[in-house]
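In case you want the letters, here they are:
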Amino acid sequence: MSLQPRILPRPVSPAVFQAARDHGYTELQARLIAARLPDADAGRVATLIRPALGTLTSPWRLPDIRPAVSAIVDAIVEGRHLVCASDYDCDGSSAATVVLRAMRDYFGVPADRIRHVIAHRQRDGYGLSNNVADKLLDELPPNSLVCTCDQGSADEARIARLAAAGHTVVVTDHHGIPAEGPPPSAIACVNPVRTDSQFGDPYIAGCVVALLVMAAVRQGLIERGYLTASAPKLTPLLQFAGTAVIADCVSLGRSANNRAIVAAALAQINGDAAFPCWRAFRELTGLHRPLNAQDLAFTAVPMINASGRMAHADASLAWLMADDDATALAALKVLHAHNEERKTTERAMVAALRPHALELAGQGASTVCLLQPEGSQGVMGVVAARMVEATGRPAAVFVAKQGQPDVITGSFRSVPGVHIRQALADVDASHPHIFAGHGFGGHEGAAGAHLALEHYPDFLVAIDEAVRRQVDPAGLSPTTWVDAPPGRPLTLDLLAEISPLEPFGRGWELPVFALEATIAGVKVMGQDRTHLRLDLVADGRTYEAVWFRAMEPGQDPPVRPGEVRLFAVEPGENSFRGRTRLQLLVRQVVPV
């Protein structure tokens, strides 16, 4: 079983290529589009690439949207308490921001009638957990309305407790629905992945679901006479929905809704309507050019997520909800400190687990499952992603649940071709004792699970079998997919030709090209000396390239001057003191 990295060309759909050319795209643009869309989408090229915001699917097509709106409108009009219960990641925090700002700033609900509760990752666990339900039951006034954000679809037991106590629960979510169906104790479960959904787009993020529900609530409040017909629309809140789409690894290729929302979000973030959080972000990072999806994905989102990983996600919400620049900057500095702590913890776990991951993959395991009981629950998902990069197959990292050493919690990351939540559902169907009393959740690319430590050996066998039913592990290896050669040198003009295809993200990946080059210079960079700056000679030009995480701490560089290698490179810009130049980001290196 080979674990040697591969650089392979992306398959190109001839039908999509021709459709893109017919719509006026250049040959290079058409090839990039055709490498990201299947034949079935040839007729959707015009609407998928640059969808207008006005083409968003109507929220009234979401399942349970009418009972959800009716319940929320009733609670607002009747003066009841409104509670937002959200997940602790960026999608959940962004969704909570949308709901809380909509209630307070657009619907005029007094602040003393609005509450927010968010689980502590280590103490409370994922979803609307028993700890969260206990907190709500202890603190809520009678007859409150609880609106979940980015969670709730698999939390019937806790929802039933809230309903039995007289509270109304509305679920807004995008995660998988259990085999037994949506939670019956919720008055509504608004989730586009339900089998009875008429929405037509199962790829939207949890925050997008929350925003669509709030948009429908606005219309409901107008119909009830609580708001006037001229009441402001919720358009500025797209800034948070777009960030959540980028953060939650939902598709930017198959979903016109996601693309439209991200494009609109970036336009607002870069304009006069930007919320204070984004002005603070610019001040802290020094990024004063227009922000793009990569700035959010690789700089903003890790800081938002770090708070929930290392402490409590309330700090993330404080930054997103800040109403002035000073408050936003103070909150962002807290997130930045958490993110630096996260990096240190992540590096230690990766160094400890990577050798075992490579060993398992070399033995032919379909899924790399790693157990580190004393590990950090906050970074296990990030570490799992690093194991995917190293092995080219789905990976999971398990740690002991805080305060319950006999229970382990795991975070999964997957690869194209493996629907990881479906694999967990198959495990549950064939081995119901494994998750009994605990559970799992997630979606195609990422998931989480809890199980008793004693059932872990059974789980290893079951998940290996479940993934093998989806893919042959013999064909899995660390693979970097590259686009067809551009046919000319990599230049800033090439970037300008690519830019109309933005925004890029999961399912609509940034262009990466193969470049056979001679290494003219190697310089070690970074505080931990794991990054490289390379001078590459190809096409009669010298390119400046950066290779992040090129080696483990203490190792020598894997390449030397004078060597010829095949590089997978992502072209980008490096702006400094008013001068912009091309810089290549190395994604993979293999022998020629």
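Colleague: What is the right way to look at the sheet that holds strand β16 (residues 564–576) in this model?
Modeller: Within a beta sheet, neighbouring strands are joined by backbone hydrogen bonds and run either parallel or antiparallel to one another. Read around the closed barrel, five strands run β13-β14-β15-β17-β16, paired in mixed fashion. Ignoring strand direction, the axes of neighbouring strands in this sheet form an average angle of 45 degrees. Sheet topology note: the strand β13 (residues 513–525)/β16 ladder contains six bridges and is antiparallel. Its bridge partner being in β16, Thr518 is matched across the sheet by Val564.

Colleague: Sorry, what's going on with the nonpolar core here?
Modeller: The nonpolar side chains of a soluble globular protein tend to be buried with one another. If you look at the biggest cluster of nonpolar residues, it comprises 129 residues, and the most contacted ones within it are Met103, Phe107, Met214, Val217, Trp278 and Trp319. In terms of residue count, the dominant contributor to this core is helix α9 (residues 206–223) (twelve residues). If we skip the residues at most four places from it in the chain, Phe107 touches Ile76, Ala102, Met214, Val217, Arg218, Leu221, Tyr226, Leu227 and Leu234.

Colleague: What exactly am I supposed to notice about the packing of aromatic side chains here?
Modeller: All told, the structure shown has nine aromatic pairs when counted by the stated rule. Relative to Trp319, the ring of Trp278 has its centre 5.4 Å away and its plane inclined at 75 degrees; by these criteria the two rings are edge-to-face. Of the two residues, Trp278 sits in helix α12 (residues 276–285) while Trp319 sits in helix α14 (residues 314–321), which places them 41 residues apart along the sequence. Of the two residues, Trp278 and Trp319, neither departs from the other in class, the shared state being buried. An angle of 70 degrees between the planes, with centres 5.5 Å apart, marks the rings of Phe398 and Phe459 as edge-to-face. In this pair, Phe398 sits in strand β8 (residues 395–401) while Phe459 sits in helix α18 (residues 456–468), placing the two residues 61 residues apart along the sequence. Each member of the pair Phe398 and Phe459 is classed as buried. In this structure an aromatic cluster arises from ring pairing among Phe398, Phe412, Phe435, Phe440, Tyr456 and Phe459.

What counts as what
- Residues numbered from 1 in each chain as written.
- Predicted model: local features only at pLDDT ≥ 70, side-chain atom pairs only at ≥ 80, totals over all residues.
- Heavy atoms only, no water.
- Pairing = 2+ DSSP bridges.
- Helix = DSSP H or I, 4+ residues; strand = E, 2+ residues; numbered from the N terminus.
- Axes fitted to C-alpha atoms, helices over the stretch in contact; angles between N-to-C directions.
- Core = buried A, V, L, I, M, F, W, Y, C linked by side-chain atoms within 4.5 Å.
- Buried < 20%, exposed > 50% of the residue type's maximum accessible area, 1.4 Å probe, protein only.
- Contact = heavy atoms within 4.5 Å.
- Phe/Tyr/Trp six-rings, centres within 6.5 Å; stacked < 30°, edge-to-face > 60°.

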